[in-house]
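# Structural description and commentary
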Amino acid sequence: MGDCLFCRIVERKIPSKIVHEDELVVAFEDVNPQAPTHMLVIPRKHIPSLKETDAADAALLGHLMTVCAKIAKQKGLADSGYRLVTNTGPNGGQTVFHLHIHLLGGRPMEWPPG
Ligand code: AMP
Ligand code: ZN
């Protein structure tokens, strides 16, 4: 989608610090990091949010999660731990409407989230 920020990152039409990519997903550093490690892992395919997914997306969603785990391991976060977040819709605090998983680590996280 031409007007989607993250589609433009996938297409490399706007710059980002990409840390992983494969045929299904791209991972890059969040421009406004909320933790020492803050990556966004997104599908190449434009899906606005988790709301628009169904059983046909199960393999893609599983792949997004395993890529998060792989990046976390590469960043040395496997033992200290980390948090995955997918904000969905207005109450979820979603601001960019291309599905993404936040990978946050490098500091203790609080609960409940704000
Ligand atoms: P959310 O609020 O869950 O939709 O998350 C959107 C995230 O995208 C925020 O953490 C922003 O800091 C991040 N973001 C916005 N623009 C960019 C960009 N150009 N490159 C990297 N991250 C971005
Ligand atoms: Zn998009």
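Refer to the structure above for everything that follows.
Fair warning: this is a prediction, and the values are worked out from it, not measured in the lab.

The rules behind the values
Here the residue index of a chain counts from 1 through its sequence in written order. Chains and ligands are labelled sequentially in the order written, the chains with letters from A and the ligands with numbers from 1. Two thresholds apply to this predicted model, a pLDDT of at least 70 for residue-level local features and 80 or more for giving and counting side-chain atom pairs, whereas whole-chain, interface and lining totals are computed over all residues. Side-chain numbers here rest on the full set of heavy atoms in the structure, without hydrogens or water. Residues enter a nonpolar core if they are buried and are Ala, Val, Leu, Ile, Met, Phe, Trp, Tyr or Cys, with the set joined through side-chain atoms within 4.5 Å. Each residue is assigned to one of three classes by its accessible area relative to the maximum for its type, calculated with a 1.4 Å probe on protein chains only: buried under 20%, partly exposed between the two thresholds, exposed over 50%. Counting from the N terminus, the helices are the DSSP runs of H or I reaching at least four residues and the strands are the DSSP runs of E reaching at least two. Residues are treated as being in contact if the distance between any of their heavy atoms lies within 4.5 Å. Note on pairing: two strands pair once DSSP finds at least 2 bridges between them. Axes, fitted as lines to C-alpha atoms, cover a helix only where it is in contact. Angles between the N-to-C directions of the axes lie from 0 to 180 degrees. Coordinating donors are taken as N, O and S atoms within 2.8 Å of the metal, stretched to 3.2 Å for Na, K and Ca; because water is absent from the atoms, sites can appear incomplete. For four-coordinate sites, all angles between 85 and 135 degrees define a tetrahedron; for four- and six-coordinate sites, opposite donors beyond 155 degrees with the remaining angles between 65 and 115 define square planar and octahedral shapes respectively, and all other cases count as irregular. Two distance rules govern patches: like charges are joined within 9 Å, and nonpolar side chains (Val, Leu, Ile, Met, Phe, Trp, Tyr) within 5 Å, applied only to residues with over 30% relative accessible area and no salt bridge. In these tables, accessible area is a Shrake-Rupley quantity obtained with a 1.4 Å probe, and a residue counts as shielded only by the protein chains included in the view. The salt bridge criterion pairs a side-chain nitrogen of Lys or Arg with a carboxyl oxygen of Asp or Glu, the two atoms within 4 Å. Nearness here has a simple test: a residue counts as near a molecule or strand if at least one of its heavy atoms is within 4 Å of that partner. Each polar contact in these results corresponds to two N or O atoms within 3.5 Å; when the atoms are within protein, one needs to be able to donate a hydrogen and the other to accept it, and residues that are neighboring in sequence are counted only if both atoms are side-chain atoms.

### Here we look at the nonpolar core
Residues V25, V41, L64, V67, I71 and L103 are the most contacted members of the largest nonpolar core, which totals 15 residues. For this core, the elements supplying multiple residues, two or more each, are β2 (25-29), β3 (37-43), α2 (58-74) and β5 (101-105). No other element matches the 6 residues that α2 contributes to this core. When residues no more than four places from it in sequence are discounted, the contact partners of L103 are T37, H38, M39, C68, I71, A72, Y82, R83 and L84. C4, V26, I42 and V96 belong to the second largest nonpolar core, which has 10 residues in total.

### What to know about the sheet that holds β2
With antiparallel pairing, the 5 strands of this open sheet are ordered in space as β1-β2-β3-β5-β4. Strands with a single pairing partner mark the edges of an open sheet, and in this sheet they are β1 (18-21) and β4 (82-85). Each adjacent strand pair in this sheet contributes to an overall mean axis angle of 20°, direction not counted. Together, β1, β2, β3, β4 and β5 form the strand contacts of α2, whose direction differs from that of β3 by roughly 155°.

### Things to note about the coordination of the zinc ion (ligand 2)
All of the protein donors around the zinc ion (ligand 2) are C4 (SG), C7 (SG), H46 (ND1) and H98 (ND1); their distances to the metal are 2.0 to 2.3 Å. Around the zinc ion (ligand 2) sit 4 donor atoms; with metal-centred angles ranging over 106 to 117°, the donor geometry is tetrahedral.

### Quick notes on the pairing of β5
In terms of burial, β5 is a largely internal element, 5 of the 5 residues being buried. Relative to β5, β4 runs antiparallel, the two being bridged by 4 bridges. Looking at β5, one finds that Y82 is bridged to G105.

### Overview of a nonpolar patch on the surface
Taken together, the side chains of M65, Y82 and L84 make up a nonpolar region of the molecular surface, amounting to roughly 250 Å² of accessible area. Residue position: Y82 is located in strand β4.

### Considering the site of ligand 1
Around ligand 1 there are 16 residues in total, and D30, N87, T95, V96 and H102 lie nearest to it. A distance of 2.7 Å separates an oxygen atom of ligand 1 from a polar atom in the side chain of T95. Considering ligand 1 on its own, with 500 Å² of exposed area, one finds that the protein chains cover 82% of that surface. Contributions of two or more residues to the shell around ligand 1 are made by α1 (5-10) and β2. No other element matches the 3 residues that α1 contributes to the shell around ligand 1.

### Section: the pattern of salt bridges
Scanning all chains against the criterion turns up 5 salt bridges. We note a salt bridge from D57 to K45, for which the minimum N-O separation is 3.2 Å. Here D57 is found in the loop between β3 and α2, whereas its partner K45 is found in the loop between β3 and α2, with 12 residues between them in sequence. The class for K45 is partly exposed, based on a relative accessible area of 47%. The partner of K51 in a salt bridge is E52, with the nearest N and O atoms 3.9 Å apart.

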